[in-house]
Every structure is written in C-alpha cells, then in structure tokens.
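Letter by letter, the chains look like this.
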Amino acid sequence: MKNILAIVGLLSLMACKSTIEEVSRGVIAEEAMVVAAHPLAAEVGLKILEKGGNAIDAAIATQLALAVVYPGAGNIGGGGFMVSRMANGEITALDYREKAPLKGSKNMYLDADGNAIPSASRRGHLASGVPGTVAGHAAAFDKYGSLPWAELVQPAIDLAAKGWALTPAEARGLNSNREAFLEFNTIRPDFFIAPENQPWAEGDTVKNQELASTLARIRDLGKDGFYKGITADLIVAEMERGNGIISLEDLASYEAIWRKPIQGNYKNYEFISMPPPSSGGIALAQMLHAVEDLPLKESGFHSMESIHAMVEAERRAYADRATHLGDADFYDVPLNHLLSKTYSQERMMSFDLNKASKSEDIKAGIFEVAESMETTHLSVVDAQGNAVSVTTTLNGGMGSKVFVGGAGFLLNNEMDDFSIKPGFPNMFGLVGGEANAIAPGKRMLSSMTPTILTKNGELFMVVGTPGGSTIITSVFQTILNVIEFDMGMQEAVNAPRFHHQWLPDVVRFERDGFDSLTLAQLRNIGHNMQPSGNMGRVDAILVLPDGKLEGGADLRGEDAARGF
Ligand code: DON
C-alpha cells in the first residue's frame, strides 16, 4: 500500500509541477482559490478574484471558460448545480439541470415491442434535454454577482475568438470523437475536425468563432442571448434538421430554480449539498449517517474493515436512489425519511462485520407515509470567505456529439439520466423506475454532488467531482479521507477510490490502488471486487487550521488549483 501511495504522490508531483512540500499539502493560497478541470479556466477564475470579484463571479467566469477550452464537459448546452455558502452563513442550492422537452414522453425511447433503445437517449438530437447552464449563470449573477456581467463573459469570448492551445487530453478527446462528430452533425463542425491524416496534437491552436459570437450575445443580452433570438433559433433549426424535439417554447420557458439545500451533520461537521433533482445530497447524507458510529478511524484507511463498512453504506443508499429519487417537482420523494439518521443507521443493522451483504437482499426502504412532495466540477473560495461548489455536465463526454450549427456549442445527452424503462440500466449502469420516468418538463435524476462542509460553524471544505454514478461515492470517500483518515486535501483527492452502486452487485476499485491482501480479504467475505479505470476528478478546497486554503486538484486529469 505504501508503495502505491508513493507512486500516486510521485504522479501528483509530476502533474502539479510543484515542490515536494506543496504536493504533500497541495497548492496553498493565503486568501482565495479556484480549483477546476483546466488550467486556463482556473486562471480565468483567479483573475476575476484578483479584480475583486466574489466567488459567484469567479464560478460563472470559470464555467464559461470551461465551455470553451474544455468542450467535453464544460458547456452552455448542458446543465448543472451550484451550492454556495456566503461568508454571512447564507446557503443556497441553484438547480439549472436540463429538463425533458415538452414533446418528450415516458416511452419515447422504447420500440414498438416495448424494448429500450438506449442509443437514442445517448447520441444524436433526441438525446438532449433543454439546456439550463446559461439560465443558471444568470440567476446566480442576479442574486450575488458583483462585477459587471460582461466582465465575466468576456474572458471566454476572448479564448474562443483568439484560440487556445490544446492540452494532450483535449487533443485526444477531439481526435477520438472525430467520427462521432461527422456522424451526428447536420453541419460539419470544422473548428473541431482536424485535417485528414493530421490529428490534433498537444499545443495546436483551436478557435471557435461561432461560439465566440454566441457568447457575445450572452454577454450583451444575458439569459435572452441564449433562450431567445438568434441562439434559440439556431438551436431549433438544428433540432429540425436532426429530428430533435426541443422547441422555442421549451427554451423561452426554461428557468433555473433556487432550492433548499440538503443539510445534515456528521460528528461536528455540517454538510450542505444538492437536493433533488440530484440524488447526490441525499445519498451522501445517507452514507455519512450509516458510517458515523462505526470505528473507521481505528480500522484504518483502506483496511478491509473500513472498505467493507463503506461499501455496505454505499449499497444501501443506492438501493434507495433507484426507487425513491427523481425530480421532486414531479414525484413525491420521501426526503425526511431518507435523511433521518436513525433510518440509515437501522439499515446498517443487517451489516455483518464478517460477510458482504447481497444486493438481492437489500431492497429500498418502504415508507408508510407518503410525503409531499463528461461533467466537471469546480470549487471556489474568495477572500471574503464566500464558497461556491459547482458541478456541471453534458452527461457523456461531448454530450450528444451534436453541435448547434452556427452556434459552436455541443448539446447534452442528459435524457439518458432518466429511467427510459423501469429497471433498464442507463449508461452508468444505474436503474430506476417511476420516480425517474420521463415526463414533459421534468428534470432527470442526477448524481452530481457539489458539497460544502463547515466545522463548528466555519467554512471547512468545498468539494465535488464528475464521474456519473461514482460521483457520490467519490465525494463520500474524499470527505472521510480528511475527517477520519487525517489526510490533507491533495492527499485525500489523490487517494485511490472504490465504488458500489447496489446494482450491479460488484465493488469496482481503481486498478493498482489497493493492496492484494486487502482485496483478498474483501473477496473472502463475499465482495465481488472488480478492477476499473480512474474514478472521478475531484476538485476541492480545504480551509487549514491557520485559515489558509489548500487546493486538491485531481491528478487523474489536467486539473489545476490557482490562488493568491
Ligand atoms: O447528472 C449526472 O449524474 C450525470 N449526467 C453525470 C455524468 C458524469 O459525471 C460524466 N462524467 N464523468
């Protein structure tokens, strides 16, 4: 194990190009910090903070920059969630999740025999939900923005118009999507199609003038620059050319929604996270509640005992997710039951220290009383102590693969996050039923878990990640790495991860990250351990005891922490 951690540490040293001192604690800033998936976007956020912008300003500008330089997940054609905690203690959760078009329907991805057609919910025009990102930025700005709106949008326009140099991962991403871009687009997206036999390479400059023009309309007209007028017309024209169903009415009526965050406590920490239509906050609360009274610290980081306990907490929370969670505006989510600490602790009574549970024996809880009813994460803290945690997504890498002709941006394939047929797994293997069935105007269930923690009333951590179904378990483990296993932020982010999501009944773990003895012990007590590739790209900030900020920028990607 020690060897593996040493290798991880070395990799992070190479990725961060920092000193050894910095790597053991991550990048440290005195006052303010942005951690995001692309260095150019983190720098845009940093400049906004240096100009005196607040964390919300920086989060908006960073997201718009990501929409340019990180097109696989950064977006204006997708949606996201923003959880914030202002220095005065005010907390908010902003929902700008995509929603099903008004012409969407429960069985829209079933053939005449009732069989699911997953390709239709994953690629091409019919896979897209109505985008929410720009409405989210506008709503966040109206409530909290401090610099002029145009100053937040302009850096993204400049990047798109003047061009940016591709990182190795971006070059690979564009090359590997070349065929899909050619297949699914009605107008060839020339700005991203490398000349024949001459694939994109690191350092090549890419420009996207169409996106610069779209962003200029957003700069000048705000939300209406996207949801009305030229951009909306271009989206609908694209839909008509590709047999999609998003209409002008869908766009004009899209609203971001302020929601009550999920709040709870774990020991003397309070967590603030995203409510439905995300499952993230509820499932995170359930998992933290389930393990709170267990001796994780004594068992030790990545011991058989601690992994076993955490896997069983994950299994039980995901069983509930599959049955009970969906857009609470359309379905009665039994929020109070799921969030009760007693409930999660009672569900752990079937937990056997010496034996894995079987998912077929773990069903969702039954409640007698009905109640009323390639993703990217960035974390920001400003000099005033305002904190913002944002996860935003197109769903799959490069979303539906469809660019809006003439507008230069990709549309999401978020419709696949609905349960297209009860029990039929989505692209992340997640199953669902009635709670997450498609209905016109309904938001699809998400796993995105932008989260903020406080300790004794003071800001403690800002955390989140992409990774589909593994998002919630990655956030859960990163939090426990710090609180229970005494890691710093970068170390907690670097640490290898594992994941159980109830169905399929397997524990995936990051290949090479776990020692063979522990894996053998876990297999011995009945866990089906399966090696996998990287899980998540956690970008997080920890407030250190002296008040400084430590960034954790995931070495699994090209993520970067910038601060002052
Ligand atoms: O909202 C969700 O849960 C998914 N659309 C997230 C997808 C994702 O994280 C893919 N990126 N790795």
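A quick note: this is a predicted structure, and the numbers were derived from the prediction, not measured.

(A) Expanded view of the overall build of the protein chain. Summing up its helical and strand segments, the protein chain has 21 helices and 19 strands in all. Against the 2.2 N^0.38 benchmark of 24 Å for 564 residues, the protein chain shows a C-alpha radius of gyration of 22 Å, consistent with a compact globule. A principal-axis box enclosing the C-alpha atoms of the protein chain has dimensions of 60 × 60 × 50 Å. The buried share among the 564 residues of the protein chain stands at 63%.

(B) Geometry of the sheet that holds strand β4 (residues 91-96). Sheet architecture is open: 7 strands sit in the order β7-β4-β3-β11-β10-β2-β19, paired in antiparallel fashion. Looking at which strands have only one partner, the edges of the open sheet turn out to be β7 (257-259) and β19 (560-563). Across this sheet, the average inter-strand angle for adjacent strands is 15°, counted without regard to direction. Across 4 bridges, the pairing between strand β2 (residues 33-36) and β19 is antiparallel. By the bridge assignment, M33 is partnered in β19 with G563.

(C) View of the site of the ligand. Near the ligand lie 15 residues; those nearest to it are T375, N395, E414, D417 and G468. In this structure, an oxygen atom belonging to the ligand sits 2.7 Å away from a side-chain N or O atom of T375. Between S447 and the ligand, the recorded distance is 2.7 Å, taken from a backbone N or O atom to an oxygen atom. A total of 340 Å² of accessible area belongs to the ligand in isolation, and the protein chains cover 92% of it. Residue classes in the shell around the ligand are distributed as 4 nonpolar, 7 polar and 4 charged.

(D) Just the sheet that holds strand β16 (residues 529-532), in detail. Taken in spatial order, the 3 strands of this open sheet run β14-β15-β16, and their pairing is mixed. In this open sheet, the two edge strands, each paired with only one partner strand, are β14 (498-499) and β16.

(E) Just helix α14 (residues 280-291), in detail. The end-to-end C-alpha separation of α14 is 17 Å, in line with the 16 Å expected for 12 residues at 1.5 Å each. Burial analysis of α14 places 12 of its 12 residues in the buried class, the great majority of the element. Of the residues making up α14, those classed as buried are G280, G281, I282, A283, L284, A285, Q286, M287, L288, H289, A290 and V291.

(F) Spotlight on the side chain of N75. As for its position among the elements, N75 is in the loop between α4 (55-69) and β3 (79-85). A polar atom in the side chain of N75 sits 3.0 Å from the backbone oxygen of A73. Aside from chain neighbours lying at most four places away, what touches N75 is A67, T133, T392, T393 and L394.

(G) Layout of helix α16 (residues 304-324). Over its 21 residues, α16 runs 30 Å from end to end, which matches the ideal 30 Å to within 8%, given 1.5 Å per residue. Where burial is concerned, most of α16 is hidden: 19 out of the 21 residues are buried.

(H) Representation of the domain arrangement of the protein chain in the model. Taken as a whole, the protein chain is organised into domain 1 (2-27 + 277-372 + 469-535) and domain 2 (68-258 + 396-436). Computed from C-alpha atoms alone, the centre-to-centre distance between domain 1 and domain 2 is 29 Å. The interface is formed by 17 residues belonging to domain 1 together with 13 residues belonging to domain 2. A combined buried area of about 970 Å² lies between domain 1 and domain 2, and 61% of that area is made up of carbon and sulfur atoms. Three residues stand out in domain 1 for area buried against domain 2, namely P277, A322 and S469, and they jointly supply 38% of the buried area on that side. The interface formed by domain 1 and domain 2 includes 0 salt bridges. Where domain 1 touches domain 2, the interface holds 2 residue pairs in polar contact (both at pLDDT 80 or more).

(I) Representation of the pairing of strand β12 (residues 451-455) in the model. Of all 5 residues making up β12, 4 are buried, and the element is well covered by its neighbours. Looking at chain direction, strand β9 (residues 269-273) and β12 are connected through 4 bridges and run antiparallel. Opposite F271, over in β12, you have L453 as the bridge partner. Inspection of the sheet shows β12 paired to strand β13 (residues 458-463) by 5 bridges, in the antiparallel sense. Looking across to β13, one finds that T454 is bridged to L459. Adjacent in sequence and paired antiparallel, β12 and β13 are bridged by 2 residues, among which N456 carries a positive phi angle near 50°.

(J) Representation of the nonpolar core in the model. Formed by 85 residues in total, the largest nonpolar core has its most connected members in V68, I76, M82, L215, V380 and F409. For this core, the leading source of residues is α4, giving 12 residues. Once you skip the residues sitting within four places of it in the chain, V380 turns out to touch M33, V34, L49, A55, A58, A59, N386, A387, V388, V462 and I541. Core analysis: the next-biggest nonpolar cluster, separate from the first, contains 84 residues, Y266, V463, V493 and F509 among them.

(K) Region of the structure containing the side chain of E238. Within the secondary structure, E238 is located in helix α12 (residues 229-241). For E238, a relative accessible area of 0% puts it in the buried group. Within the local environment of E238, its side chain forms a polar contact with the side chain of H125, the two groups lying 2.7 Å apart.

(L) Inspection of unusual backbone geometry at higher detail. Between P276 and the following residue, P277, the backbone shows a cis peptide bond with an omega angle of 15°. With respect to the element layout, P277 can be found in the loop between β9 and α14. Across the junction of L503 and P504, the peptide omega takes the value -5°, indicating a cis bond. Looking at the element boundaries, P504 is found in the loop between β14 and β15 (507-510).

(M) Local environment of the confidence of the model for the protein chain. Put simply, the protein chain has an average pLDDT of 94, and 95% of its residues get 70 or more. This stretch, residues 1-23, has a pLDDT under 50; its non-local contacts, to residues over four places away or in other chains, come to 23 contacts. A low-confidence stretch, residues 368-373 stays under pLDDT 50, and its non-local contacts, those more than four residues away or across chains, total 15 contacts.

Rules behind the numbers
Residues numbered from 1 in each chain as written. Predicted model: local features only at pLDDT ≥ 70, side-chain atom pairs only at ≥ 80, totals over all residues. Heavy atoms only, no water. Helix = DSSP H or I, 4+ residues; strand = E, 2+ residues; numbered from the N terminus. Rg over C-alpha atoms; globule rule 2.2 N^0.38 Å. Buried < 20%, exposed > 50% of the residue type's maximum accessible area, 1.4 Å probe, protein only. Pairing = 2+ DSSP bridges. Axes fitted to C-alpha atoms, helices over the stretch in contact; angles between N-to-C directions. Near = heavy atom within 4 Å. Polar contact = N/O pair within 3.5 Å; in protein donor to acceptor, adjacent residues only side chain to side chain. Areas by Shrake-Rupley, 256 points an atom, 1.4 Å probe, with all protein chains shown as cover. Nonpolar A, V, L, I, M, F, W, Y, C, P; charged D, E, K, R; others polar. Expected span 1.5 Å × (residues − 1). Contact = heavy atoms within 4.5 Å. Domains from an automatic or database assignment. Buried area = accessible area lost by both parts, 1.4 Å probe. Salt bridge = Lys/Arg side-chain N within 4 Å of Asp/Glu carboxyl O. Core = buried A, V, L, I, M, F, W, Y, C linked by side-chain atoms within 4.5 Å. pLDDT = per-residue confidence, 0-100.

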